[in-house]
Amino acid sequence: MTTTAQPKLSATNIDEVIKAMTLEEKAQLLVGGGNDSFTGSGAMLGHQERLVAGAAGITVENKRLGIPATVLTDGPAGVHIDATRKNDSQTYYATGFPVGTCLACSWNTELVEAVGKAIGNETLEYGCDVILGPGLNIHRNPLCGRNFEYYSEDPFVTGKIGVAMTRGIQSQGVGVSAKHYAVNSQESNRTIVDERVSQRALREIYLRGFEYVVRESDPWTLMSAYNSVNGKYAQGNKDLLTSVLRDDWGFRGIVMTDWISKREGQGLFTIDEVEAGNDLLTPGFPAQAEDIVNGVKSGKLDIKYVDQNVRRMLEYIVKTPRFRNYQFSNKPDLKAHALITRQSSTEGMVLLKNAGVLPIKNLKTVALFGVNSYDFLAGGLGSGAVNVPYSVDMVTGLKNIGVSTTPLLTEIYQNYVKFANAKLKADKNPMMWFLDTGRPKLDEIDITARCVQHEVKEADAAIITIGRQAGEGLDREIEGEFNLSAAEKAMISRVSDAFRPAGKPVIVIINSGSVIETASWRDRVDAILCAWQPGEEGGNSVADVLTGKANPSGKLTMTWPIAATDHPSTKNFPQEMDNYTFREMIGWGAQIPGRDYTNHEEDIYVGYRYFDTFQKEVAYPFGFGLSYTTFQFSKPAVKAKGKDAVEVSITVKNTGSTSGKEVAQVYVQAPKGRLEKPAQELKAFAKTRELQPGESQTLTMVIPVRDLASFDEAGSQWLTEAGTYTFRIGSSSRDIHATANIKLNEYTEKVSNVLAPKAKLNLLKQ
Ligand code: BGC
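Model, not experiment: these values are computed from the prediction.

Things to note about the sheet that holds strand β11 (residues 254-257)
No. 1: The six strands lie next to each other as β1-β2-β5-β6-β8-β11, forming an open sheet whose pairing is mixed. What marks the edges here is a single partner per strand, and that holds for β1 (57-58) and β11.
No. 2: Across three bridges, the pairing between strand β6 (residues 175-181) and strand β8 (residues 221-224) is parallel. Counted as the bridge partner of Ala 178 is Leu 222 from β8.
No. 3: Contacts from helix α11 (residues 303-317) reach β2 (71-74), β5 (130-132), β8 and β11 within the one sheet, and its direction differs from that of β11 by about 105°.

Some remarks on helix α5 (residues 155-170)
No. 1: An ideal rise of 1.5 Å per residue puts 22 Å on 16 residues; α5 measures up with 22 Å between its terminal C-alpha atoms.
No. 2: The buried count for α5 comes to 15 of 16 residues, which makes it a mostly enclosed element.
No. 3: Backbone nitrogen of Phe 156 and a side-chain oxygen of the N-cap are separated by 2.9 Å at the start of α5; the cap is Asp 154.

A short note on the site of the ligand
No. 1: Taken together, 15 residues lie near the ligand, and Asp 74, Arg 146, His 180, Asp 258 and Glu 472 sit nearest.
No. 2: Here Asp 74 contributes a side-chain N or O atom positioned 2.4 Å from an oxygen atom of the ligand.
No. 3: Contacts to the ligand include Tyr 226, whose side-chain N or O atom sits 2.8 Å from an oxygen atom.
No. 4: Its free accessible area being 310 Å², the ligand has 100% of it covered by the protein chains.

Quick notes on the nonpolar core
No. 1: Counting residues in hydrophobic clusters, the biggest one holds 78 residues, and the most contacted among them are Leu 352, Phe 369, Phe 499, Ile 509 and Trp 560.
No. 2: Top element by residues in this core is helix α16 (residues 407-426). It accounts for six residues.
No. 3: The residues contacting Leu 352, other than those within four sequence positions of it, are Ile 510, Ile 528, Cys 530, Leu 556, Trp 560, Tyr 620, Phe 624 and Leu 626.
No. 4: Among the nonpolar cores identified, the runner-up in size contains 75 residues, and Ala 118, Leu 240, Ala 276 and Val 386 belong to it.

Points about the pairing of strand β24 (residues 696-704)
For a regular strand, side-chain orientation follows a simple rule: the groups alternate between the two sheet faces.
No. 1: Alternating residues of β24 divide into Gln 697, Leu 699, Met 701 and Ile 703, all buried, and Ser 696, Thr 698, Thr 700, Val 702 and Pro 704, none buried.
No. 2: With nine bridges connecting them, strand β21 (residues 645-654) and β24 associate as antiparallel partners. Bridge assignment links Ser 649 to a residue of β24, and that residue is Thr 700.

Overview of the packing of helix α13 (residues 334-348) against helix α21 (residues 538-547)
No. 1: Contact geometry for α13 and α21: axes closest at 9 Å, N-to-C directions at 50°. As summarised for this structure, α13 and α21 are arranged oblique, according to the angle between their axes. Between α13 and α21 lies a crossing of right-handed hand. In contact with Thr 341, Arg 342, Ser 345 and Thr 346 of α13, α21 contributes Asn 540, Ser 541, Asp 544 and Val 545.

A look at the sheet that holds strand β29 (residues 747-750)
No. 1: Taken in spatial order, the three strands line up as β25-β26-β29 in an open sheet, and their pairing is antiparallel. The sheet is open, and its two edges are formed by β25 (710-712) and β29, each paired on a single side. Sheet twist, expressed as the mean angle between neighbouring strand axes with direction ignored, is 30°.
No. 2: Taken together, the four bridges between strand β26 (residues 717-720) and β29 define a ladder with antiparallel strand orientation. Considered in β29, the bridge of Leu 719 is made with Thr 748.
No. 3: Along the sheet, helix α6 (residues 199-206) makes contact with β25 and β26, crossing β25 at roughly 155°.

Here we look at the pattern of salt bridges
No. 1: In this structure the tally under the stated criterion is 44 salt bridges.
No. 2: Between Arg 252 and Asp 218 there is a salt bridge, and its shortest N-O distance comes to 2.3 Å. Pair noted here: Arg 252 is in the loop between α8 (238-248) and β11 and Asp 218 is in the loop between α7 (208-217) and β8, with a separation of 34 residues, a long-range link.
No. 3: The class of Arg 252 is exposed, set by a relative accessible area of 58%.
No. 4: The exposure class of Asp 218 is partly exposed, given its relative accessible area of 33%.

Quick word on unusual backbone geometry
No. 1: The peptide bond linking Gly 133 to Pro 134 adopts the cis configuration, its omega dihedral lying at 5°.
No. 2: Inspection of the secondary structure assignment puts Pro 134 in the loop between β5 and α5.
No. 3: Residue Thr 282 is joined to Pro 283 through a cis peptide bond whose omega torsion reads -10°.
No. 4: If you trace the backbone, Pro 283 turns up in the loop between α9 (266-276) and α10 (286-297).

Comments concerning the side chain of Glu 601
No. 1: Take Glu 601: it is sitting in the loop between β18 (597-599) and α23 (608-613).
No. 2: Setting aside anything within four residues of it in sequence, one finds Glu 601 in contact with Lys 571, Asn 572, Asn 762, Leu 763 and Leu 764.

Description of the pairing of β8
No. 1: Side-chain alternation along β8 places Thr 221 and Met 223 on one buried face and Leu 222 and Ser 224 on a second face that is also buried.
No. 2: Judged from the four bridges that link them, β8 and β11 form a sheet pairing that is parallel. Across the sheet, Ser 224 pairs through a bridge with Thr 257, a residue of β11.

About the criteria used
- Residues numbered from 1 in each chain as written.
- Predicted model: local features only at pLDDT ≥ 70, side-chain atom pairs only at ≥ 80, totals over all residues.
- Heavy atoms only, no water.
- Pairing = 2+ DSSP bridges.
- Helix = DSSP H or I, 4+ residues; strand = E, 2+ residues; numbered from the N terminus.
- Contact = heavy atoms within 4.5 Å.
- Axes fitted to C-alpha atoms, helices over the stretch in contact; angles between N-to-C directions.
- Expected span 1.5 Å × (residues − 1).
- Buried < 20%, exposed > 50% of the residue type's maximum accessible area, 1.4 Å probe, protein only.
- Polar contact = N/O pair within 3.5 Å; in protein donor to acceptor, adjacent residues only side chain to side chain.
- Near = heavy atom within 4 Å.
- Areas by Shrake-Rupley, 256 points an atom, 1.4 Å probe, with all protein chains shown as cover.
- Core = buried A, V, L, I, M, F, W, Y, C linked by side-chain atoms within 4.5 Å.
- Parallel < 35°, antiparallel > 145°, perpendicular 65-115°, else oblique.
- Left-handed = near helix turned anticlockwise from the far one by under 90°.
- Salt bridge = Lys/Arg side-chain N within 4 Å of Asp/Glu carboxyl O.

Listed below in structure tokens is the structure:
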């Protein structure tokens with residue numbers, strides 16, 4: 001050791017501390033403290049036992065210089081830590097909040113911020129410094145296994161909901177890690193796949209949500225994705241991590257890797273990562289610190305990169321609760337947070353169909369079908385799961401409002417659920433890992449027509465829950481996952497055939513984090529409520545909506561196609577996962593032949609940008625969601641606000657007889673110009689407060705002209721072309737109530753010319 005001075009870290013002596021650090025100490029600060037679940041270099045999923053059992057990772061303490069370890073816990077739907085600890089009778093359950101998709105469908109940024117506050121508070125009170133979320137990847141395709149963690153197919157919704165979540169969490173004095181930067185829109189081969197995508201689609205679709213979050217909410221940290229982007233691993237991609245993130249957007253926090261597994265040529269890879277601006281390598285292996293030391297000593301790695309990352313790490317550390325020596329309680333107010341999750345999930349639920357049967361009045365007895373009525377899924381699987389204290393199922397939710405369920409059917413299902421869950425555990429199923437990280441979906445049971453006939457006599461209505469489970473490392477299949485299984489189809493038919501002729505309604509609850517097929521069966525039922533995976537209070541929240549205690553105001557943040565293959569991205573979305581073992585699937589090195597790249601041939605035409613531009617029929621359009629009341633939109637006022645923005649105001653009136661909330665969605669149609677444009681793009685939204693019957697509210701939204709720009713690859717610039725823009729205001733992308741035009745001048749903004757695809761892509765054009 002050559003240093004004599006031994007400063008103790010403070011917010012004002014970072015330079016001095018860096019000077020006092022040895023190379024080894026610097027290297028150690030840039031490499032996380034490892035993983036306790038899986039030993040050796042194959043570690044992938046975060047789980048450590050030291051400071052907070054079950055948190056995903058830690059940064060390494062340096063006592064000499066007063067640098068504490070900090071704790072990174074998984075999210076994003078709540079704090080993911082172990083619920084119980086060895087030799088400790090206390091429990092450490094965390095609140096299961098609605099999954100990202102459900103929250104986004106509330107289109108309510110204030111509500112999302114409030115949820116963020118509660119999540120941030122639990123992060124703080126459980127002794128963690130950073131929560132690994134929000135998830136900002138784009139729903140490129142409904143088959144992505146992690147869509148439930150993400151917000152939308154649209155980058156504007158993704159960005160604005162992400163900003164609200166980040167602000168909420170960080171208001172508690174802990175940090176977020178916005179993830180997975182970038183283009184991690186599939187799980188298959190996630191650690192090796194090269195996402196090949198045009199510069200325009202990158203900037204407009206895949207990076208844009210991150211851009212909003214960085215510019216508007218100053219996230220403490222960002223997580224770089226496992227995959228490559230245009231030929232270079234995101235984690236070692238300087239264009240992505242420095243040119244775009246820091247130079248173009250002004251990011252001030254640290255970048256950490258996703259929980260890396262060993263890759264070819266690791267020495268070089270570590271150096272690449274450090275140089276690229278990946279400040280923290282997680283979960284961290286000793287070999288990585290050695291790589292850094294050896295890299296500097298051999299001249300392969302310039303010490304300036306090490307020092308720059310060390311500085312950013314120290315700037316991060318001085319903000320953390322651990323550094324402030326915050327005395328966490330390990331007792332967050334779980335009761336208060338349960339109330340927040342109950343209310344927030346009702347607002348994210350989307351009423352897809354209602355043939356006049358909801359809200360249900362005078363309901364006494366329900367026949368509850370589908371295993372997930374009894375095994376309600378609070379959230380998804382993998383690192384995004386939360387160890388919840390309980391999950392309110394439909395039986396309990398209904399019981400809590402005084403509605404009983406038919407006894408025989410309830411008993412059959414409850415016994416089955418108990419048996420099937422026990423069997424899954426006993427079988428040591430290869431999905432075992434998932435058993436510790438959320439509840440898998442149990443197979444449906446075959447309910448015979450005779451049994452259904454028996455139920456008709458006893459019940460006033462039938463409720464069928466269609467459940468879906470998905471998670472990290474696995475994408476979804478079309479058959480049986482996007483589409484209904486044969487057993488589910490039979491169940492819907494039998495229930496429909498028996499209940500509807502008897503004048504008793506059939507209601508379907510979708511308990512899934514992702515989109516499913518509805519077009520083939522929706523005519524057979526009277527109402528469909530997409531409840532998503534709404535967190536631990538699920539059954540109560542659903543009951544609130546069914547009875548009208550809460551008026552649904554959720555709107556889809558993604559298109560529901562008629563068939564999965566209607567999305568142009570489906571043709572190059574991997575669907576061969578069935579043939580692989582679980583370990584291979586979560587990406588420990590196995591490759592699906594021919595699947596080490598994904599071409600984004602649909603380019604910018606993701607979601608409604610495709611369906612609306614190419615005028616394709618859909619099951620439910622982007623932005624869609626029914627209410628128990630009706631709303632009227634006034635003529636909008638659209639005018640320039642200064643020289644760089646447009647102000648849109650509209651008055652929304654509740655014209656029905658129940659109080660409720662409505663979302664005004666502003667879609668913009670650009671003039672014909674040099675760049676091809678989608679038919680329309682969402683550029684603003686606002687939600688009313690709860691309006692009483694007859695009450696109105698004027699919503700005012702300001703849209704920066706910069707937000708109307710497209711990415712012009714030729715000039716490497718954002719370009720809003722001069723001309724007349726049409727502002728279309730409605731309550732879904734296909735239900736426009738009012739339009740107004742405004743003339744705008746050209747706007748340009750140069751950015752780094754980076755990330756061009758190396759491969760030739762056969763891009764979809766109009
Ligand atoms: C996931 C991340 C997660 C990390 C730590 C990774 O496998 O992709 O989302 O935060 O593990 O558990």
